[in-house]
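The lines below spell out each chain.
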Amino acid sequence: MPAIKTENLVKRYSEVTAVDGVSLEIPKGEVFGLLGPNGAGKTTTISMLATLVSPTSGAALVAGHNIITRPLEVRKNIGIVFQEPSVDDLLTARENLYLHSMLYGVPRPEIEQKIKKMLALVNLTERAGSLVRTFSGGMRRRLEIARGLIHDPKILFLDEPTLGLDPASRKAIWTHIRALKETHNTTIILTTHYMEEADSLADRIGIINRGKIIELDTPEALKKKVGQDLVLLKGEINEAALKALPFVNSVERENNHFKIGITNSGANLQALLNAGGRIEEVEVRRVTLDDVFLKFAGEQIGQDIEEHAEGIFERIAANKTVRK
């Protein structure tokens, strides 16, 4: 049985459809990245799976339990780290974890040992007795992850877990997320706007826009769908020889250099350089998840902007007509 399974999950707010027929299967132990622009439906999807919001229609099983008919069982099996900080500033790190343990019914004899284990996992043992208001943003995030895990959930929802953190703190959070997967086999659902974060952590990625999953695959497979790596060459370039290579998709001259589209630069770069002529400079640009996001979600975002602008102009024209 998968950790999460949804069938045509829908959430409507008045005239707005926030989630529009999402069907997913996420196996146990997978890190699943949910990417999309603001307002695409990421947080609403997570909120429904976490039983914080009721779906308009459709069905979902989380840890084998129906989110509509057995919400309490779902909640016992999940942990959540929200976008906004939610730990209590007036309590210490240990007190926050103790309170959460009590709320989730962790047996009293086990609480202290679990607190020690979680604080060690997120490198906060030495700050266990410190008030949370003295913590940095990265420390608070790590404490929230520890809090979300204190009751041994099977599934952890991370909604923008590194939002607003500096690069060092973000990398520390990534380390802890990898540790969860490797040591606890926790299923993790991750939303993020940092493409390198999704690329580094996720086993699979779903791109959501206008409430629909528009692409779903591994990071590498998604990058291959976008296409080619780019190699920039400067020097006395043998253009004809480059065009004859079977792995070269395009050759364009730009000012004083050539831009070459190439399949799998890792395997084919040396052959390209051997055939290229007298090369003075080389720059390789691999396809990234940014390119994937812009290709699959960016096109629809552009259409949304155009449609919105057209609607504004139509209303302006209509108002002018009425005034006349």
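Read on for an overview of the structure. None of the values given here were measured: they were computed from a predicted structure. (Residues numbered from 1 in each chain as written. Predicted model: local features only at pLDDT ≥ 70, side-chain atom pairs only at ≥ 80, totals over all residues. Heavy atoms only, no water.)

A closer look at the packing of helix H3 (residues 93–103) against helix H5 (residues 137–149)
Next, step 1: Packing of H3 against H5 leaves a shortest axis separation of 9 Å and a crossing angle of 25 degrees. Considering their axes alone, H3 and H5 lie roughly parallel with respect to each other. Crossing handedness for the pair H3 and H5: right-handed. Seen from H3, the contacting residues are Ala-93, Asn-96, Leu-97 and His-100; seen from H5, they are Leu-143, Ala-146 and Arg-147. (Axes fitted to C-alpha atoms, helices over the stretch in contact; angles between N-to-C directions. Helix = DSSP H or I, 4+ residues; strand = E, 2+ residues; numbered from the N terminus. Parallel < 35°, antiparallel > 145°, perpendicular 65-115°, else oblique. Left-handed = near helix turned anticlockwise from the far one by under 90°. Contact = heavy atoms within 4.5 Å.)

Regarding the environment of Ala-60
Next, step 1: One can find Ala-60 in strand S4 (residues 57–62).
Next, step 2: By relative accessible area, Ala-60 is classed as buried at 3%.
Next, step 3: For the pair formed by Ala-60 and Leu-90, sequence separation is 30 residues and the distance between their alpha carbons is 37 Å.
Next, step 4: Sequence-distant contacts of Ala-60, defined by excluding residues within four places in its chain, comprise Lys-5, Thr-6, Leu-9, Leu-49, His-65, Asn-66 and Ile-67. (Buried < 20%, exposed > 50% of the residue type's maximum accessible area, 1.4 Å probe, protein only.)

Quick word on the nonpolar core
Next, step 1: Counting residues in hydrophobic clusters, the biggest one holds 33 residues, and the most contacted among them are Leu-143 and Leu-158.
Next, step 2: When contributions to this core are tallied by element, the ones reaching two or more residues are H3, helix H4 (108–121), H5, strand S7 (155–159), helix H6 (167–184) and strand S8 (187–191).
Next, step 3: Beyond its immediate chain neighbours, meaning those up to four positions away, Leu-143 contacts Val-87, Ala-93, Asn-96, Leu-97, Leu-124, Val-132 and Phe-135.
Next, step 4: Of all hydrophobic cores here, the second largest spans 25 residues; its members include Ile-26, Met-48, Ala-50 and Ile-67. (Core = buried A, V, L, I, M, F, W, Y, C linked by side-chain atoms within 4.5 Å.)

Some details on the side chain of His-151
Next, step 1: Within the secondary structure, His-151 sits in the loop between H5 and S7.
Next, step 2: Within polar-contact distance, the side chain of His-151 engages the backbone oxygen of Ile-78 at 2.7 Å. (Polar contact = N/O pair within 3.5 Å; in protein donor to acceptor, adjacent residues only side chain to side chain.)

Side note on the pairing of strand S9 (residues 204–209)
Next, step 1: For S9, the tally of buried residues reaches six of six residues, placing the bulk of the element in the interior.
Next, step 2: In S9, alternate side chains face the same way, and those of Arg-204, Gly-206 and Ile-208 on one face and Ile-205, Ile-207 and Asn-209 on the other are all buried.
Next, step 3: As paired strands, strand S3 (residues 31–35) and S9 are joined by four bridges and run parallel to one another. Bridge pairing in S9 places Leu-34 opposite Gly-206.
Next, step 4: Pairing analysis gives five bridges linking S9 to strand S10 (residues 212–217), with the strands arranged antiparallel. Residue pairing for S10: Gly-206 is matched across the bridge by Leu-216. (Pairing = 2+ DSSP bridges.)

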